[in-house]
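So the chains spell out like this:
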Amino acid sequence: MLNKNKLLSQREVNVIPDVSKALSWLEAHPNALKGIGRGIERETLRVKPDGHLAESGHPDSLGSALKHDWITTDFAETLLEFITPVDQNIDHMLAFLRDIHRHVARELAEERMWPFSMPCLIDDADRIELAQYGSSNIGRMKTLYRQGLKNRYGALMQTISGIHYNFSLPLSFWQEWADVKDAESGKETISAGYLRLIRNYYRYGWVIPYLFGASPAISSSFLQGRESKLPFETDGKDSLWLPYATSLRLSDLGYTNKSQSGLGITFNSLEGYVKALKAAIKTPSEEYAAMGTKDADGNWLQLNTNVLQIENELYAPIRPKRVTRSGEAPSDALLRGGIEYIEVRSLDINPFSAIGVDANQVRFLDLFLIWCTLADAPEMSADELLCTRKNWNRVVLEGRKPNQKISVGCSETEHSLVEVGKALFADLHRVAEVLDSNQGSTQYQQVCDQLVASFDDPELTYSARILQAIKESGVTDTGIALAEQYRHMLCEEPLEVISEEDFTRQALESVAAQKKLEEGDTLDFEAYLASREG
Ligand SMILES: Nc1ncnc2c1ncn2[C@@H]1O[C@H](COP(=O)(O)OP(=O)(O)OP(=O)(O)O)[C@@H](O)[C@H]1O
Ligand SMILES: N[C@@H](CCC(=O)O)C(=O)O
Ligand SMILES: N[C@@H](CS)C(=O)O
């Protein structure tokens, strides 16, 4: 049981804001947390039985990747992405995600789903086929966007997979917490509340890779001959690792882009955030201008030469979101209705789950994101946001190092990571009691008690556990064994919440919708792109 009364050194306790008043309010208003909205996006590479990247196209039986509601592709034709509809029930959401995995596993026949964030064996990055979305203008634009990503960042980095956790608090929370009357009149207040969450996420979100990072190692093929200054250890065969790393995916070697740090993005006001984001998609980049939008033969190379081709290219660890209308830019949706939910992008694929994520992680994120909303969050300049990267980098590269230190924002004062983590969990446990009281269970408190142990014993973290397996068998063989185990498991399991008829209907309707798009285009591609640049 978490020893809530354990005296934490005053110094450490001061590192996290005093949330006691807000927690007392929450304990007096448990109904405020009824109706949390959640959604999951999971990516995974299709691989051959030998662990090499598949060479086939997106299976026709899975319908149109452009229009399917649940099954699409991310960067590459072999990079599957599964999406669950927004759900208020954790078990139902995870069953929905598992049904998608069950269906796809049966449709993939001999191919498997890679169980790690960092890619499988890829001998030649140039053979990675960009995701194809057909001949409609929007379909061609999505593929050209990916061509630009390949030319800017390299295809290999874009085959890194993640879990995105989408989260929203119910209107009742905002009504009780901030006197909001309704979503429309309260959109400024609600947006300010989610921005407060985001600022705290930058300050304390390193706890996510510490607990759940699962990419301490990479296939040696990932470096593709590039030099790395990181002090990798190796099995002398196909695996490289850092002994105390948690998430190389979140490191500069992974799914990040340092050049984006100069965009002046802040989260103090929605208008300020949108202004900086819109500037980034309209500011030419010298480097990308030198590349040009077309090659000498007139082949498109990228959508444009701006720092970001479109807003999706901002690779932030968390994003404010609102469901967009057809053709609407994400930032315009935010300006129209304010922040509707947030997208947490820092979860690695969980290799201990056949669906890449488990209920413990969902419950932890609920607790942590509620805490981030309640805790004071002073405004942060763009420079202060950049300072938080120092902390995240320390955790992703050597978070499990004994006596690891952590600071907050740009402060030079360092604290024991373990003690700060335990101080945070003392608060999270109080949030867990409220959520559990609503459910009539102790599941959230159990998650707290289980996870807090990882601070005194880092061997309990996901990264330590998967690194042990990789040191024994190597990245490829460990990945193949897990992929085969999950393929067998998923193929044997009956569907729970989605029927075969649902999957068949989705596939047929998505193909029909894509065909309708292709037949309905009135502009040629150049005119279409020009109209989108508007
Ligand atoms: N109000 C909400 N609260 C929580 N989650 C939500 C809410 N509305 C939508 N979601 C979830 O957000 C996710 C949206 O994923 P989707 O891929 O459809 O859009 P996107 O992330 O904006 O697209 P892209 O991945 O191309 O950027 C889904 O999992 C959905 O369930
Ligand atoms: N594959 C990226 C996300 C791609 C995207 O931006 O949606 C990741 O590992 O999170
Ligand atoms: N989803 C990633 C790769 S296509 C992006 O939008 O940048």
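- Going by what an unreviewed UniProt entry lists, the protein is known as Glutamate--cysteine ligase and is assigned to Pantoea septica.

**Describing the overall build of the protein**
Line of reasoning, step 1. For the protein, the helix and strand inventory stands at 18 helices and 12 strands.
Line of reasoning, step 2. What you see for the protein is a C-alpha radius of gyration of 23 Å, in line with the 24 Å of a compact globule of 534 residues.
Line of reasoning, step 3. In terms of overall dimensions, the protein has a C-alpha envelope of 70 × 55 × 50 Å along the principal axes.
Line of reasoning, step 4. A buried classification covers 57% of the 534 residues belonging to the protein.
Line of reasoning, step 5. Total accessible area on the protein stands at roughly 21,700 Å², and carbon and sulfur atoms take up 50% of it.
Line of reasoning, step 6. The average position of the 56 basic charges and that of the 77 acidic charges among the side chains of the protein differ by 3 Å.

**Regarding the sheet that holds strand E8 (residues 239-241)**
Line of reasoning, step 1. One open sheet holds the 3 strands; their spatial order is E6-E8-E7, and the pairing between them is antiparallel. Each edge of the open sheet is held by one strand with a lone partner, namely strand E6 (217-219) and strand E7 (233-234).
Line of reasoning, step 2. With 2 bridges connecting them, E7 and E8 associate as antiparallel partners. The residue bridging glutamate 233 from the neighbouring strand is tryptophan 241, located in E8.

**Notes on the packing of helix H13 (residues 417-439) against helix H14 (residues 443-456)**
Line of reasoning, step 1. With their axes 8 Å apart at the nearest point, H13 and H14 run at an angle of 175° to one another. When the axis of H13 is compared with that of H14, the two are roughly antiparallel. Residues Leu417, Val418, Gly421, Lys422, Phe425, Leu428, His429, Ala432, Glu433, Leu435 and Asp436 of H13 form the contact with H14, whose own contacting residues are Gln443, Tyr444, Gln445, Cys448, Asp449, Leu451, Val452, Phe455 and Asp456.

**Some thoughts on helix H2 (residues 20-28)**
Line of reasoning, step 1. If you check which residues of H2 are buried, you get Ala22, Leu23, Trp25 and Leu26. Viewed end-on, H2 has its buried residues packed into an arc of 155°, placing them on one side of the element. When the buried face of H2 is taken as reference, the exposed residues oriented beyond 90 degrees from it are Lys21 and Ala28.

**Observations regarding the site of ligand 1**
Line of reasoning, step 1. Around ligand 1 there are 19 residues in total, and Glu41, Thr84, Val86, Ser168 and Lys321 lie nearest to it.
Line of reasoning, step 2. A distance of 3.0 Å separates an oxygen atom of ligand 1 from a polar backbone atom of valine 86.
Line of reasoning, step 3. Against a free-state accessible area of 640 Å², the protein chains account for coverage of 74% of ligand 1.
Line of reasoning, step 4. Looking at the shell around ligand 1, the elements with two or more residues in it are strand E1 (37-47), strand E3 (79-83), strand E5 (163-168) and strand E10 (341-347).
Line of reasoning, step 5. Here the shell around ligand 1 gets 5 residues from one element, more than from any other, and that element is E1.
Line of reasoning, step 6. Residues belonging to the shell around ligand 1 are distributed by class as follows: 7 nonpolar, 6 polar and 6 charged.

**A look at the site of ligand 3**
Line of reasoning, step 1. As a matter of local geometry, ligand 3 sits amid Asp74, Phe75, Tyr145, Arg146, Leu149, Gln158, Tyr255, Asn312 and Tyr315.
Line of reasoning, step 2. Between an oxygen atom of ligand 3 and a side-chain N or O atom of tyrosine 145, the distance comes to 2.6 Å.
Line of reasoning, step 3. Take tyrosine 315: an N or O atom from its side chain is 2.8 Å from an oxygen atom of ligand 3.
Line of reasoning, step 4. A total of 240 Å² of accessible area belongs to ligand 3 in isolation, and the protein chains cover 89% of it.
Line of reasoning, step 5. Looking at the shell around ligand 3, its residues break down into 5 nonpolar, 2 polar and 2 charged.

**Digging into the UniProt feature "domain: Glutamate--cysteine ligase" (unreviewed entry) in the protein**
Line of reasoning, step 1. The positions that UniProt labels "domain: Glutamate--cysteine ligase" (unreviewed entry) are, in the present scheme, residues 25-395.
Line of reasoning, step 2. Secondary structure over residues 25-395 splits into 34% helix and 12% strand, and the C-alpha atoms at its two ends are 32 Å apart.

**As for the pattern of salt bridges**
Line of reasoning, step 1. Inspection of the entire model under this criterion finds 32 salt bridges.
Line of reasoning, step 2. Two residues, glutamate 493 and arginine 102, come together in a salt bridge whose shortest N-O distance is 2.7 Å. Placement of glutamate 493 in the loop between helix H16 (475-492) and helix H17 (500-520) and of arginine 102 in helix H3 (residues 90-107) is noted, with a sequence separation of 391 residues between them. In this pair, the class of glutamate 493 matches that of arginine 102, namely buried.

**Points about the packing of aromatic side chains**
Line of reasoning, step 1. The tally for this structure, following the rule as stated, stands at 25 aromatic pairs.
Line of reasoning, step 2. Where tryptophan 70 meets phenylalanine 503, the ring centres are 5.7 Å apart and the plane angle is 90°; that geometry is what we call edge-to-face. Of this pair, tryptophan 70 sits in the loop between E1 and strand E2 (71-73) while phenylalanine 503 sits in helix H17, and the two are 433 residues apart along the sequence.
Line of reasoning, step 3. The class for tryptophan 70 is buried, based on a relative accessible area of 12%.
Line of reasoning, step 4. Each ring, one from phenylalanine 173 and one from tryptophan 177, has its centre 5.9 Å from the other, and the planes form 25°; the classification is stacked. Of this pair, phenylalanine 173 and tryptophan 177 both sit in helix H5 (residues 171-178), 4 residues apart, which is roughly one turn of the helix.
Line of reasoning, step 5. According to the relative accessible area criterion, phenylalanine 173 is buried, its value standing at 0%.
Line of reasoning, step 6. By the ring-pair criterion, three or more aromatic residues cluster together here, those being Tyr201, Tyr204, Tyr210, Phe212, Phe352, Phe364, Phe368, Trp371, Trp392, Phe425, Phe455 and Tyr462.

**Observations concerning empty space enclosed by the protein**
Line of reasoning, step 1. Counted by the stated rule, this structure contains 3 cavities of 30 Å³ or more.
Line of reasoning, step 2. The wall of the largest cavity is formed by 14 residues, among which Arg42, Met113, Ala354, Tyr486 and Leu490 lie closest to the centre.
Line of reasoning, step 3. Sort the elements by how many residues they give to the lining of the largest cavity and H16 lands first, with 4 residues.
Line of reasoning, step 4. Split into classes, the residues belonging to the lining of the largest cavity amount to 9 nonpolar, 3 polar and 2 charged.
Line of reasoning, step 5. By volume, the second largest cavity amounts to about 70 Å³.
Line of reasoning, step 6. In terms of lining residues, the second largest cavity is bounded by Phe116, Ser117, Met118, Pro119, Ala214, Ser215, Pro216, Ala217, Ile218, Ser219, Ile470 and Val475.
Line of reasoning, step 7. Take the lining of the second largest cavity: its biggest share by element is 3 residues, from E6.
Line of reasoning, step 8. Of the residues contributing to the lining of the second largest cavity, the split by class is 9 nonpolar, 3 polar and no charged.

**Quick word on the state of the cysteines**
Line of reasoning, step 1. By the definition in use, this model includes 1 disulfide.
Line of reasoning, step 2. In this structure cysteine 120 is not part of a disulfide, and its nearest cysteine sulfur, from cysteine 491, lies 19 Å away.
Line of reasoning, step 3. Unpaired in terms of disulfides, cysteine 372 finds its nearest cysteine sulfur in cysteine 448, a separation of 13 Å.

Cut-offs and rules
- Residues numbered from 1 in each chain as written.
- Chains lettered and ligands numbered in written order.
- Predicted model: local features only at pLDDT ≥ 70, side-chain atom pairs only at ≥ 80, totals over all residues.
- Heavy atoms only, no water.
- Helix = DSSP H or I, 4+ residues; strand = E, 2+ residues; numbered from the N terminus.
- Rg over C-alpha atoms; globule rule 2.2 N^0.38 Å.
- Buried < 20%, exposed > 50% of the residue type's maximum accessible area, 1.4 Å probe, protein only.
- Areas by Shrake-Rupley, 256 points an atom, 1.4 Å probe, with all protein chains shown as cover.
- Lys, Arg positive; Asp, Glu negative; His and termini not counted.
- Charge placed at Lys NZ, Arg CZ, Asp CG, Glu CD.
- Pairing = 2+ DSSP bridges.
- Axes fitted to C-alpha atoms, helices over the stretch in contact; angles between N-to-C directions.
- Parallel < 35°, antiparallel > 145°, perpendicular 65-115°, else oblique.
- Contact = heavy atoms within 4.5 Å.
- Arc of directions from axis to C-beta.
- Near = heavy atom within 4 Å.
- Polar contact = N/O pair within 3.5 Å; in protein donor to acceptor, adjacent residues only side chain to side chain.
- Nonpolar A, V, L, I, M, F, W, Y, C, P; charged D, E, K, R; others polar.
- UniProt positions renumbered as here; feature names shortened; annotations may be inferred.
- Salt bridge = Lys/Arg side-chain N within 4 Å of Asp/Glu carboxyl O.
- Phe/Tyr/Trp six-rings, centres within 6.5 Å; stacked < 30°, edge-to-face > 60°.
- 1 Å grid on protein atoms, 1.4 Å probe; cavity = no way out; pocket = protein on both sides within 12 Å on 5 of 7 lines; lining within 4 Å.
- Points joined across faces, edges and corners; volume = space filled by probe spheres on them.
- Disulfide = S-S within 2.5 Å.

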